[in-house]
Amino acid sequence: MFLFGHCRNAFADSFTIVSPPRSALKRRWFGNPPKTRAPFYSRRTSEAENDAASHRQLAAVKFARPGRYKGVDSFGAAKTMSENAKQAVFQALHDARRALIPLLYQVTTMGPEYGDKVRDVAKVILACAKQDGDAALASIILDNPFQYAVNHSFNTGIAAALMAAKLDIASDEIEPTVCGALTMNLAIVALLDTMASGAVNITPLQKMSIDSHNKLSHKTLGEKKIKNREWLNTVMQHHERPEGGGPLGMRGDTITAHAKLVGVCDRYCAILAARAMRDAKAADTMLKFIVKSDAERDDTLAQIASAIGPYHPGTFVQLKNGEIAIVKRRGEDPTHPIVASLGKQGGLSIDTSSERDTKEDACAIVEPLDMKLGYNKTKLCTLWGYDAPVTPPPS
């Protein structure tokens, strides 16, 4: 067993791995934890205080202020993709992720242009997924600097874009499916952020919002003149299950393929994400959580295995030869991806990384490593041949 150790400058030059005590049961990445705001409420607060805190959070979202970032609606990222290939994928996705912020938190202030703005974000996701799907998937783990609700919806959109291409979904229906993923939690973005921060003691009012968020989000989209059937059905049905048990009680083929797809991606990205209330999970571990019944097992596993495989790009793995590597590209066989080796214990470095084919016996994957990444994790994006994404300073 190995334990990721503290590094003086995370991912800047090198980092080390040290052996854990025998009692250690998990592999974790330890760096200086990022500074986060205190939860908006705690176990000691009353239900009324909790509800008030939730409303204050929604009103105080700073990231969503118009003009906070230069070019937040300009989508210069889309132009960058064609003008400078070196900067393309990670920066384009980063800028599109940032552009999603006001579309989730300021929806009530927007007019008929709302649908086109969401479609613009979806177009960038689809373009990046087409250009370099592995880098797009890696960004789910390596580049998620904004609020949880923004990151989760955007990551679900990336996964849906990659998986839709592998399924029997018409090409002209993939974009509205991604739009559905981006707006599936429109009614509860502030509440999701509060829950992700580690706050507990959900009130009955908040529980009602969670249970009905598909209907509330669907209603909001209707008010914004969204009429695309695939988009609306995806939002309304994304929590339905083939065997039943969803909020609408739908079963089997009555659920659209678009909604089934986004539902799988929703659960996949939620479990893959690192949140205050629990650790991130490796992709292969995630499968144990999202497969709930025999009726769902084959379909779910087939979708994940065909599009992503058991080793999500951006995941750390331990190789048979003792090296620590990061999954870089999915291979023809999903169980044998191409990885970037960072070296062995005591001498890990991005600058001296080299590719390994895990089909070779000496480089076979022993197991994935659960980890918590520090501040400079975006530097790992350079392993895909692109510049690390940056956020412009506030205007």
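Residues numbered from 1 in each chain as written. Predicted model: local features only at pLDDT ≥ 70, side-chain atom pairs only at ≥ 80, totals over all residues. Heavy atoms only, no water.

When helices and strands are counted, the chain shows 14 helices and 7 strands. A burial count over the chain gives 52% of its 395 residues as buried. Taking the intrachain contacts of the chain between residues at least 6 apart in sequence as the baseline, contacts between residues at least 24 apart amount to 69%. As presented, the chain carries roughly 17900 Å² of accessible surface, and 52% of it is formed by carbon and sulfur atoms. (Helix = DSSP H or I, 4+ residues; strand = E, 2+ residues; numbered from the N terminus. Buried < 20%, exposed > 50% of the residue type's maximum accessible area, 1.4 Å probe, protein only. Contact = heavy atoms within 4.5 Å. Areas by Shrake-Rupley, 256 points an atom, 1.4 Å probe, with all protein chains shown as cover.)

In space, the 5 strands of this open sheet follow the order β6-β5-β4-β3-β7, with antiparallel pairing throughout. The strands lining the two open edges of the sheet, one partner per strand, are β6 (354-357) and β7 (365-369). Going across the sheet, the axis of each strand differs from the next one's by a mean of 40°, ignoring polarity. In terms of strand pairing, strand β3 (residues 316-319) meets strand β4 (residues 324-329) through 3 bridges, oriented antiparallel. From the neighbouring strand, glutamine 318 faces β4, where its bridge partner is isoleucine 324. (Pairing = 2+ DSSP bridges. Axes fitted to C-alpha atoms, helices over the stretch in contact; angles between N-to-C directions.)

Here we take up the confidence of the model for the chain. When the pLDDT values of the chain are averaged, the result is 75; 67% of them are 70 or greater. pLDDT under 50 marks residues 1-85. Its contacts with residues more than four places away, or in other chains, come to 176 contacts. (pLDDT = per-residue confidence, 0-100.)

Contact geometry of helix α10 (residues 213-223) with helix α11 (residues 229-237) gives a least axis separation of 7 Å together with a crossing angle of 155°. By the criterion of interaxial angle, the relationship of α10 to α11 is roughly antiparallel. On the side of α10, the interface is formed by Asn214, Lys215, Ser217, His218 and Leu221, while α11 contributes Trp231, Leu232, Val235 and Met236. Looking at the contact of α10 with α11 residue by residue, the class counts come to 5 nonpolar, 3 polar and 1 charged. (Parallel < 35°, antiparallel > 145°, perpendicular 65-115°, else oblique. Nonpolar A, V, L, I, M, F, W, Y, C, P; charged D, E, K, R; others polar.)

Quick look at the side chain of glutamine 237 now. Along the chain, the position of glutamine 237 falls in helix α11. Overall, glutamine 237 belongs to the buried group, its relative accessible area being 7%. Setting aside chain neighbours within four positions, we find glutamine 237 in contact with Leu248, Met250, Thr254, Ile255, Thr256 and Ala259.

Moving on, we get to the nonpolar core. Among the nonpolar cores identified, the biggest contains 83 residues, and Ile125, Phe154, Ile158, Leu182 and Trp384 are the most heavily contacted of them. In terms of residue count, the dominant contributor to this core is helix α3 (residues 88-105) (12 residues). Discounting chain neighbours no more than four positions away, the residues touching leucine 182 are Leu100, Leu104, Val118, Val121, Ala122, Ile125, Ser153 and Phe154. Core analysis: the next-biggest nonpolar cluster, separate from the first, contains 7 residues, Leu319, Ala325, Val327 and Val339 among them. (Core = buried A, V, L, I, M, F, W, Y, C linked by side-chain atoms within 4.5 Å.)

Attention shifts here to helix α8 (residues 189-196). Burial runs high along α8: 7 of the 8 residues are buried. Turning to α8, its buried residues number three or more, namely Val189, Ala190, Leu191, Leu192, Asp193, Thr194 and Ala196. Note on α8: the residue one or two positions beyond its end, glycine 198, has a positive phi of about 105°.

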